[in-house]
Amino acid sequence: MAQSFDDLNLPNAVVTRIAKEVLPENVSIGKEARTALAKAASVFVLYITSASNALATKNNRKTINGLDVIEAMHETDFHMFVEHLKENLEYFKKIQQEKKDAVVKQKLQKDGESNCAASNDNADENDIQ
């Protein structure tokens, strides 16, 4: 648990990088504006997290899931972001599944190579006898 509200702030560098991605190259962000953006982003995250937690608790769960966040966005009148959030959540799930599949495939290939090497060793032993 955080000791103070300042412990809950998002890093200015991260918020600045995100903000710069949507601004034209010739626009800069002042130090005061970076701090304000970081604090506003932190408040938003805390607000949506709290609303999401209320939904999870209402459904007798201790874990917040993506659908809780989407529903919280609706309930807190941020519905204009829901479609974009859904798209990003689906993309995230797809990427996670691809990573999982790649690990399984790599493990299967490694196991296949081990079995092939073991078979070759057995065949070599039979040739010697």
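Further up the page is the structure itself.
Right, let's walk through the structure included here. Here the structure is a predicted model, which is why all the values come from computation and not from measurement. (Residues numbered from 1 in each chain as written. Predicted model: local features only at pLDDT ≥ 70, side-chain atom pairs only at ≥ 80, totals over all residues. Heavy atoms only, no water.)

Quick look at the packing of helix α1 (residues 12–22) against helix α2 (residues 31–58)
Contact pair α1 / α2: the axes reach a minimum separation of 9 Å and the direction vectors enclose 100°. Taken as axis vectors, α1 and α2 run roughly perpendicular relative to one another. Facing Asn-12, Val-15, Thr-16 and Ala-19 of α1, the residues of α2 in contact are Arg-34, Thr-35, Leu-37, Ala-38 and Ala-41. Considering only residue class, the contact of α1 with α2 consists of 5 nonpolar, 3 polar and 1 charged. (Axes fitted to C-alpha atoms, helices over the stretch in contact; angles between N-to-C directions. Helix = DSSP H or I, 4+ residues; strand = E, 2+ residues; numbered from the N terminus. Parallel < 35°, antiparallel > 145°, perpendicular 65-115°, else oblique. Contact = heavy atoms within 4.5 Å. Nonpolar A, V, L, I, M, F, W, Y, C, P; charged D, E, K, R; others polar.)

Observations regarding unusual backbone geometry
Leaving glycine aside, a negative phi is the common case for residues, and trans is the common case for peptide bonds. With a phi close to 60°, Asn-60 is a non-glycine residue in the positive phi region. Relative to the helices and strands, Asn-60 is located in the loop between α2 and α3 (66–75). A positive phi angle is found at Asp-77, which is not glycine, with a value near 65°. Relative to the assigned elements, Asp-77 resides in the loop between α3 and α4 (82–128). Owing to a relative accessible area of 54%, Asp-77 belongs among the exposed residues under this scheme. (Buried < 20%, exposed > 50% of the residue type's maximum accessible area, 1.4 Å probe, protein only.)

Considering the packing of aromatic side chains
Applying the stated criterion across every chain yields a total of 3 aromatic pairs. Between Tyr-47 and Phe-78 the ring centres are 6.5 Å apart and the planes differ by 75°, which places this aromatic pair in the edge-to-face class. Taken together, the residues span a long stretch of sequence, with Tyr-47 in helix α2 and Phe-78 in the loop between α3 and α4 at a distance of 31 residues. Residue Tyr-47 is classed as partly exposed on the basis of its relative accessible area of 44%. Taken together through their ring pairs, the aromatic side chains of Phe-44, Tyr-47, Phe-78 and Phe-81 make up a single cluster. (Phe/Tyr/Trp six-rings, centres within 6.5 Å; stacked < 30°, edge-to-face > 60°.)

Comments concerning α1
Among the residues of α1, those classed as buried are Val-15, Thr-16 and Ala-19. Summarising the axial view, the buried residues of α1 lie within an arc of 100°, below the 170-degree limit, and thus occupy one face. Opposite the buried face of α1, at more than 90 degrees from it, the exposed residues are Ala-13, Arg-17, Ile-18 and Glu-21. Considering only its buried residues, α1 is in contact with α2. (Arc of directions from axis to C-beta.)

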